[in-house]
Every structure is written in structure tokens, then in C-alpha cells.
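Next come the chains, spelled out residue by residue.
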Amino acid sequence: MTRSPLILLLLLCAAVGAAAALSRYREAPHFTNSAAAQCPPPLHPSDADAACSPHAAVHVAMTLDASYLRGTMAAVLSVLRHASCPESIHFHFIASASAESKAATAEELRATVRASFPSLAFRVYPFVDEARVAGLISTSIRGALDRPLNYARSYLASTLPPCVRRVVYLDSDVVLTDDIAALAATPLPAGEEGTETAVAAPQYCGANFTAYFTPGFWASPALSSTFAGRRACYFNTGVMVLDLARWRHAGYTAQIEEWMELQKRVRIYELGSLPPFLLVFAGRIAAVDHRWNQHGLGGDNYRGLCRGLHAGAVSLLHWSGKGKPWDRLDAGRPCPLDAVWAKYDLLRPAAGIESS
């Protein structure tokens, strides 16, 4: 069907507006490897094979889209600011491959990241499984959780190069205040009955685990027996250390998809991409200190109320939940801890973060 000149003009204006929004990010300070940290040689940003370089000390995976780009940029800056070997970190960004994604193309997003981080070693990957994942998603309690890109963390093993064995996955609404190398070095020991642990994350065994699944799930012995013999605890999938070689060997993506397919037929959970992860991994992960995921700072999924930190040390702040710090800052109604995130906001004037 031929589009009218008016429609074409509106599409062009939308594209120009998106490009203008992307171009407003300022350049981040440059951070160099610490001489005292015995870092490997810096990765070269123009090296297409940098992801497979033996000098890549830490691999970080994140999603990349226009809606959460502001958060992603702040997260990257915080990682580099506090890393002992920032020039030896390789970032892997997964972007929407959908032709219907009009806000910004993967190339526009890549150019935006490069403009703000000229020396960053990174690669952008199209989420090639996006259409199939869209067909597996069931509606949840919050529409933002139903975006296919939220499920990209389940497909890192098939998206990233086979040379990448261990990766730290981060949501776009985090900032780090500690060296990511310490998180990446989390031990992933052999599990029970000779199985090898593929996931490490902070877990919260005091949380009401039954609330993540429907009464019908727990009423069915065939379903609830999934957790038999496991000390199943809640963990947040926004901060994880993944052994992708073990993941590939065990076929965990297929196992997650099986639960998603069942959910399409029988309602067994309500909350987006988290429950399938819990069904496969709860009780089978390596524990990470809670300091690495001070989560829930976005408030609850209904009202987005302000929340404070959990007791204890802090290495990573996570604005999981409905409220995002950039939205609250723009609206002039920030929560107290949003001031920490604002220090890394590349859309606002520099807030005293200096290069090193």
C-alpha cells in the first residue's frame, strides 16, 4: 500500500526527533587501567575480534533500546568509573531486530554509545530470536515486562560468540559503586549430583517464594514437584554471573522456553521473564553477596513508591520496579537515592565524575 505524503512526513519527523534525542548524550570521561591492578593490555575499540581477545578481563551483557538507553549509558559509566581495569572490559549489547522498532535502529544506538564512549570495546547484536520470543510471551502484571527484549538474558548463550564463556548480565537500571571484576570472579562450583552451576546471583530465601506462582501451580503435584529436593529461593535476574559454556551444554534456553509454552496453555505465574528463570534455576545457583544487588529502588510494580537500601554494604544499586530514576528526576519528584544515579546521567551536566 502506498503511503500518503503526510504519513511519510510524520514518519520522517519521528525519525529526526529520535535521532536528535540520541545525540544529546554527552561524552563520558575516559578511564584507564590501574597500574597497581596488573591489568591485561587495553582492548582496542576498533578491533572486531576484541570479544574473543584473551585480554578481555570482564565481559558484560546488557540490552540496548531507546526506552532505557539513558539507564544503560549511566550503568556503563558507573562500571567504568569503579573498575580497576576499565580498558579491559568488553560490553555486549543486545538490541531489537524488529523492523517495527521505530524509536531508534540498532545502528543509531551503536553510534550513540560510541559517541559517548569513544574508547569502549563493545559490540551490538540483533536479537534474532525476538519474533519467536514474542509468540511465547504471556501478558503479565505490568506491560513493560512483556517486551521481548526483556527475555534476551535467556538467549545470551546463542547470541554471544562461543569464545565468551563467562559474562556478567546487568539490567539497564543499575549503577555500580564497586569493581565489577569482583562480581565477575564469583565462583561457580559443581552443583549437586555432579551438575555444574551456570548461574550466580544474590538470592533472598526470606522472600515469599510461593507468591511468584499461581495457586493452580502449587495445587498441581505434577507442577509443584518441580522444586522437590531443591531449596528454592527468589533471586533477581537483573544482576547475574553466567557460565555460557555450561548453559549451552545443559540446554537451559530450551528448558526456559518449555515453561513459557506451558504458561501459554495454563496460567502458572504472573510476573514476566522472572518465573521461568526461577523454575529452571531456583535452588541451583551460586549465591552472591547481597551487596551486589540492592534491588527494589524503583518501588513496587503498582505505585512505584520510594524505597531505601537494605541493611549492609552496597556495591550495586538497582532501580527494579515501576519507578525509574530518570523519569522521577525529570518530573521533579525524585526519591532520595535517585541522587546517586544522577551522578552518572549523561543527559545532564557532569556531576564531578572525573577521568582516571
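Residues numbered from 1 in each chain as written. Predicted model: local features only at pLDDT ≥ 70, side-chain atom pairs only at ≥ 80, totals over all residues. Heavy atoms only, no water.

In the nomenclature of an unreviewed UniProt entry, the protein chain corresponds to Hexosyltransferase from the organism Miscanthus lutarioriparius. Entered under Pathway (unreviewed entry) in the UniProt record, the comment concerning the protein chain runs "Glycan metabolism; pectin biosynthesis." (UniProt positions renumbered as here; feature names shortened; annotations may be inferred.)

Undergrad: Explain the nonpolar core here, please?
TA: Where a protein is soluble and globular, its nonpolar side chains tend to be buried together. The biggest cluster of nonpolar side chains holds 54 residues, and the ones touching the most others in it are Phe 91, Phe 93, Phe 117, Leu 170 and Ile 180. By residue number, the principal contributor to this core is helix α2 (residues 69-82), which donates eight residues. Contacts of Ile 180, omitting those with residues within four sequence positions, involve Val 58, Val 60, Val 79, Ile 89, Val 168, Leu 170 and Trp 292. Listed in part, the 49 residues of the second largest apolar core include Val 167, Phe 213, Leu 244 and Ile 256. (Core = buried A, V, L, I, M, F, W, Y, C linked by side-chain atoms within 4.5 Å. Buried < 20%, exposed > 50% of the residue type's maximum accessible area, 1.4 Å probe, protein only. Helix = DSSP H or I, 4+ residues; strand = E, 2+ residues; numbered from the N terminus. Contact = heavy atoms within 4.5 Å.)

Undergrad: I'm lost on the pairing of strand β4 (residues 166-170) in this one. Help?
TA: Across a regular strand the side chains alternate sides, sitting on one face of the sheet and then on the other. Counting buried residues in β4 gives four out of five residues, a clear majority hidden from the surface. In the sheet, strand β1 (residues 58-64) pairs with β4 via two bridges, with the strands oriented parallel. Pairing of Val 60 across the sheet is with Val 168, part of β4. Both β4 and strand β9 (residues 239-243) contribute to a ladder of five bridges, which runs antiparallel. Following the sheet pairing, Val 168 is matched in β9 by Val 241. (Pairing = 2+ DSSP bridges.)

Undergrad: Please clarify how the sheet that holds strand β2 (residues 89-96) should be interpreted in this entry.
TA: Strand pairing in a sheet relies on backbone hydrogen bonds, with the paired strands running either antiparallel or parallel. Strand order in the open sheet formed by seven strands is β3-β2-β1-β4-β9-β6-β10, and the pairing between neighbours is mixed. Pairing within the sheet leaves two strands with one partner each, and these edge strands are β3 (121-127) and β10 (286-287). Sheet topology note: the strand β6 (residues 199-201)/β10 ladder contains two bridges and is parallel. Directly across from Ala 200, in β10, lies its bridge partner Ala 286.

Undergrad: Quick question: what am I supposed to make of the pattern of salt bridges here?
TA: For side chains of opposite charge, pairing can occur when their charged atoms come near one another. If you walk through the whole model with that rule in mind, you get 16 salt bridges. A salt bridge links Arg 246 to Glu 196; the nearest nitrogen and oxygen atoms lie 3.8 Å apart. Placement of the pair is Arg 246 in helix α9 (residues 244-250) and Glu 196 in the loop between α6 (180-184) and β6, with a sequence separation of 50 residues. You can call Arg 246 buried: its relative accessible area is 14%. For Glu 196, a relative accessible area of 45% puts it in the partly exposed group. (Salt bridge = Lys/Arg side-chain N within 4 Å of Asp/Glu carboxyl O.)

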